[in-house]
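# Working through the structure, step by step
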Amino acid sequence: MARKTKEGAEETRTAILEAALALFSTRGVARTSLSDVAQQAGVTRGAIYWHFANKDEVAKNIVNEIKTLFMEHFALRFTVPTAEFGYLIRPVFWQNREL
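## Considering the overall build of the protein
Across its full length, the protein carries five helices and zero strands. Counting from the amino terminus, helix and strand elements in the protein follow one another as α-α-α-α-α. Residue burial in the protein is summarised as follows: out of 99 residues, 28% are buried. Across the protein, every contact between residues at least 6 apart in sequence was considered, and the portion connecting residues at least 24 apart equals 48%. About 7100 Å² of surface is accessible on the protein, with carbon and sulfur atoms providing 55% of the total.

Right, here's the structure in full:
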């Protein structure tokens, strides 16, 4: 799945993250290899390494995407300014600070 455009590269990155999320959710991170992720996403391991340094970086990006979605989803439902809202929910993600 060679991608030569910025859009194509983003599609590949998204496919990798979606495949990794599905596999990490069912098998766990430790029991999922990047080869598994590549096969699930329909890409090569080289494509994964183009976007991410290693499996930990893939997992960190998934956590960051979830944090962003969480912030966007719940910030719209509160009248608290976004910066304050982030401060209020930071403890929710504190346990994942290493990710």
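## Side note on the environment of Asn54
Relative to the elements of secondary structure, Asn54 occurs in the loop between α3 (45-51) and α4 (55-75). The sequence separation of Asn54 and Leu34 amounts to 20 residues, and the corresponding C-alpha distance is 8.2 Å.

## Here we look at the side chain of Arg13
Turning to its location among the elements, Arg13 is positioned in helix α1 (residues 6-27). Arg13 has contacts with His51, Phe52, Asn61 and Glu65, leaving out every residue within four places of it along the chain.

## Brief notes about α1
Every α-helical turn comprises 3.6 residues, leaving residues that sit three or four positions apart pointing alike. An ideal rise of 1.5 Å per residue puts 32 Å on 22 residues; α1 measures up with 31 Å between its terminal C-alpha atoms. One or two steps after α1, the chain reaches Gly28, where phi turns positive at roughly 95 degrees.

## A word on the nonpolar core
Formed by 17 residues in total, the largest nonpolar core has its most connected members in Ile16, Phe24, Val37, Val43, Ile48 and Val58. Residue assignment for this core shows that the elements contributing at least two residues are α1, α2 (34-41), α3 and α4. Take this core: its biggest share by element is six residues, from α1. Each residue touching Val58, except ones within four places of it in the same chain, is listed here: Leu17, Ala20, Phe24, Leu34, Ile48 and Phe52.

Rules of the game
- Residues numbered from 1 in each chain as written.
- Predicted model: local features only at pLDDT ≥ 70, side-chain atom pairs only at ≥ 80, totals over all residues.
- Heavy atoms only, no water.
- Helix = DSSP H or I, 4+ residues; strand = E, 2+ residues; numbered from the N terminus.
- Buried < 20%, exposed > 50% of the residue type's maximum accessible area, 1.4 Å probe, protein only.
- Contact = heavy atoms within 4.5 Å.
- Areas by Shrake-Rupley, 256 points an atom, 1.4 Å probe, with all protein chains shown as cover.
- Expected span 1.5 Å × (residues − 1).
- Core = buried A, V, L, I, M, F, W, Y, C linked by side-chain atoms within 4.5 Å.

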